[in-house]
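# Topology and contacts: notes
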Amino acid sequence: MRNISSVLGRLAKSISISLVLLFAVTTTSNAQDAKEGAALFKANCSSCHKIDKKFTGPALSGMSERHDEEWLVKWIKNSGAMIASGDPMAKQIFEEYNKVAMPAFTQFSDDQIKGIIAFVKEEEARLAAGPAEGGATGGATASNDANNFMIIGMAAIFLLAIGVIVILSRVTKTLEKVIANNQVAVEAARARNESVEETGKVKFAQKFLKNKKLVGFAALMVVGLLAVLGWQTMWNVGVHQGYKPVQPIKFSHQIHAGVNQIECQYCHGGAFKSKNASIPSANVCMNCHNTITASDHYNGETSPEILKLYRAVDWNPDTRTYGDNPRPIEWVRIHNLPDFAYFNHSQHVSVAGIECQTCHGPIETMEEVYQYSPLTMKWCVDCHKTTEVNADNKYYDQLIEAHEKLKKGEKMTAAMIGGLECGKCHY
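For every chain, the first residue of the written sequence is number 1, and numbering continues from 1 along that sequence. Owing to the predicted nature of the model, reporting of local features is limited to residues with pLDDT of at least 70; listing and counting of side-chain atom pairs is limited to 80 or more, with chain, interface and lining totals taken over all residues. Side-chain calculation: all heavy atoms of the structure are included, whereas hydrogens and water are not.

## Looking at the overall build of the protein chain
Going by this rule: Helix numbering and strand numbering both begin at the N terminus, where a helix is a DSSP run of H or I of at least 4 residues and a strand a DSSP run of E of at least 2. Residue burial is assigned from relative accessible area. The probe radius is 1.4 Å, only protein chains are included, and a residue is buried under 20% of its type maximum, exposed over 50%, and partly exposed in between. Residues count as neighbours in contact if any of their non-hydrogen atoms are within 4.5 Å of one another. Only the protein chains shown count as cover for residues, and the accessible areas themselves come from Shrake-Rupley with a 1.4 Å probe.
For the protein chain, the count of helices and strands is 17 helices and 2 strands. By residue count, 19% of the 427 residues in the protein chain fall in the buried class. Here the analysis covers contacts within the protein chain between residues at least 6 apart in sequence; of these, 61% occur between residues at least 24 apart. Entry remark: accessible area of the protein chain is about 31100 Å², with carbon and sulfur atoms responsible for 61%.

## Here we look at the packing of aromatic side chains
Put simply, the rule reads: Two rings from Phe, Tyr or Trp (for Trp, the six-membered ring) form a pair when their centres sit within 6.5 Å of each other. Planes less than 30 degrees apart are called stacked, planes more than 60 degrees apart edge-to-face, and all others tilted.
Summed over all chains, the structure comprises 4 aromatic pairs. Each ring, one from Trp71 and one from Trp75, has its centre 5.5 Å from the other, and the planes form 10°; the classification is stacked. Taken as a pair, Trp71 and Trp75 lie in helix 3 (residues 69–77) at a separation of 4 residues, close to a single helical turn. Accessibility classification places Trp71 together with Trp75 in one group, the buried group.

## Some remarks on the packing of helix 12 (residues 282–289) against helix 13 (residues 304–313)
So the rule is basically this: Every axis corresponds to a line fitted to the C-alpha atoms, with the helix fit spanning only the stretch in contact, and the corresponding angles, defined between N-to-C directions, vary from 0 to 180 degrees. Roughly parallel refers to an angle under 35 degrees, roughly antiparallel to one over 145, roughly perpendicular to one between 65 and 115, and oblique to any angle outside these ranges. What makes a crossing left-handed is the near helix being turned counterclockwise from the far one by less than a right angle; a clockwise turn instead makes it right-handed. When residues are grouped by polarity, Ala, Val, Leu, Ile, Met, Phe, Trp, Tyr, Cys and Pro land in nonpolar, Asp, Glu, Lys and Arg in charged, and all others, Gly among them, in polar.
Contact geometry for helix 12 and helix 13: axes closest at 11 Å, N-to-C directions at 125°. It follows from the interaxial angle that helix 12 and helix 13 lie oblique. Judged by the twist between their axes, the crossing of helix 12 over helix 13 is left-handed. Of the residues in helix 13, those touching helix 12 at Ala282, Cys285, Met286 and His289 are Ile306, Leu309, Tyr310 and Val313. When its residues are assigned to classes, the contact of helix 12 with helix 13 shows 7 nonpolar, 1 polar and no charged.

## Details of unusual backbone geometry
In this structure, Ser278 takes a positive phi of about 75° despite not being glycine. Inspection of the secondary structure puts Ser278 in the loop between helix 11 (270–273) and helix 12. For Arg320, which is not glycine, the phi dihedral falls at a positive 55°. Mapped onto the elements of the fold, Arg320 is located in the loop between strand 1 (315–316) and strand 2 (321–322). Note on Arg320: relative accessible area 21%, which makes it partly exposed.

## Looking at helix 12
For the record, the criterion: Each C-beta atom gives one direction from the helix axis, and the arc is the one those directions make.
Buried within helix 12 we find Ala282, Met286 and His289. Down the axis of helix 12, the buried set is contained in an arc of 75°. They therefore lie on one face. Elements in contact with the buried residues of helix 12: helix 9 (253–259), helix 13, strand 1 and strand 2.

## Overview of the nonpolar core
Cut-off, in case you're wondering: In this text, buried Ala, Val, Leu, Ile, Met, Phe, Trp, Tyr and Cys residues form a nonpolar core when linked through side-chain atoms within 4.5 Å.
Within the largest apolar cluster, 24 residues are counted, with the highest numbers of intra-cluster contacts made by Phe41, Trp71, Trp75, Ile117 and Val120. Among the secondary structure elements, those contributing two or more residues to this core are helix 1 (2–44), helix 3, helix 4 (79–84), helix 5 (88–96) and helix 6 (110–129). In terms of nonpolar packing, the next biggest core, distinct from the first, is built from 10 residues, Leu309, Tyr310, Trp315 and Ile329 among them.

## Structural notes on helix 6
Since the α-helix packs 3.6 residues into each turn, any two residues three or four apart lie on the same face. As a reminder, the rule being used: Expected helix span is given by 1.5 Å per residue-to-residue step, counting one fewer step than there are residues.
Here helix 6 contains 20 residues, and its C-alpha end-to-end distance of 29 Å stays within 8% of the 28 Å for a straight helix at 1.5 Å per residue. Along helix 6, the residues that are buried comprise Ile113, Gly115, Ile116, Ile117, Phe119, Val120 and Glu123.

## Quick look at the side chain of Ser346
Residue placement: Ser346 occurs in helix 14 (residues 345–351). Judged by relative accessible area, Ser346 falls into the buried class, the value being 15%. In this structure Ser346 touches Ala271, Phe272, Lys273, Ser274 and Val351, once residues within four positions along its chain are discounted.

## Some remarks on the pattern of salt bridges
In plain terms, the rule: Think of a salt bridge as a Lys or Arg side-chain nitrogen and an Asp or Glu carboxyl oxygen that are within 4 Å of each other.
Counted by the stated rule, this structure contains 7 salt bridges. Here Glu305 and Lys308 are joined by a salt bridge, their closest N and O atoms 3.2 Å apart. Of this pair, Glu305 and Lys308 both sit in helix 13, 3 residues apart, roughly one helical turn. Overall, the relative accessible area of 18% leaves Glu305 in the buried class. With a relative accessible area of 30%, Lys308 lands in the partly exposed category. Notably, a salt bridge pairs Lys378 with Asp382, separated by 3.1 Å at the nearest N-O pair. Of this pair, Lys378 and Asp382 both sit in helix 16 (residues 377–386), separated by 4 residues, roughly a single helical turn.

## Describing the confidence of the model for the protein chain
Note the following rule: Known as pLDDT, the predictor's confidence for each residue is given on a scale from 0 to 100.
Of the residues in the protein chain, 81% have a pLDDT of 70 or more, and the chain-wide mean is 79. When the elements of the protein chain are averaged for pLDDT, helix 1 gives the smallest value, 55, and helix 13 the largest, 96. Contacts of residues 18–28 to residues separated by more than four positions or lying in other chains number 0 contacts, the stretch itself having pLDDT below 50.

Take a look at the structure:
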């Protein structure tokens, strides 16, 4: 009997260990599948699909209840083939989304697609649970701990305050006795000190006023200081260097031109062919932001700044349609030249090949755009004096004299060919 019990005990122990290991391996495998699925989903699916709402494609929440796993694997791998085969569910989805088929992902294995499905299930469960089911209990516990800590702290502060009051009362009584005993002496000493101080001040003022050279020098210094301050104030009238207004939408050049390296001319196309660089229309923004919502940074919700853009163009991200009530975005102008000054972007960008950063500073690093350069006449003239002419363009083909100098190897600046003429900048 003992041998049988021993054998049964070892057998039960082995079975328990095997079940634990099997559960651990299964859990680890599922976690790995979901982790790989998350990477594949973000790289290939997130631009068209959201878990909890319609996007370019349908919402993925509940897809495992609507379709079995085998059908989902076939659909994700090659939706076009399923539509062509006449599958009723595939045809229904195809018709619902304006007969636009989902791209085929034949490069994925069945296991990779199952990993994507596992990731979607995990996200679905997380969203269904809300911010955190244990949040209320945890919050209550944390609140109770905080209340207990506050009560103990208040009691300690109260006892400390009583002790301080007792000590201060004794010190005050002692000081009152000392002051009462020495009040006469203190008053006499104070009177002597005041008379000495007043006498010293009077003598210093009298000596200063009698010294005419010193008075004249002080007056000259005051006048000079006021002249310098006045000159600086007048010199900077109309100069707005560092001006950084608050814009209606927090557009970040650091993200667009810096991180994503979007060319300046994609938005400001007028800089190549026009006097003005131009502000892009909201439709240019929507070329990207009809799908890019920055939801990864806002717990799955669309960025508040992108929502402002949607409201301006009257775009409904749920139905993916435009309304009939668009409104202009009231951008605040930053770089503003006087009316009598003429500046042509195309002359500088297309002909001279000047980089945007020459005038606008490191725009690709600015979270909020500000006026980098002073844009004064002196600043422009100094640039024209030092900038060498790029003669490799049609604009200078007619400048025979300039070509002759260049052939001789002489360096030229904009000032040498009329860059300082008043009419270049002033009407």
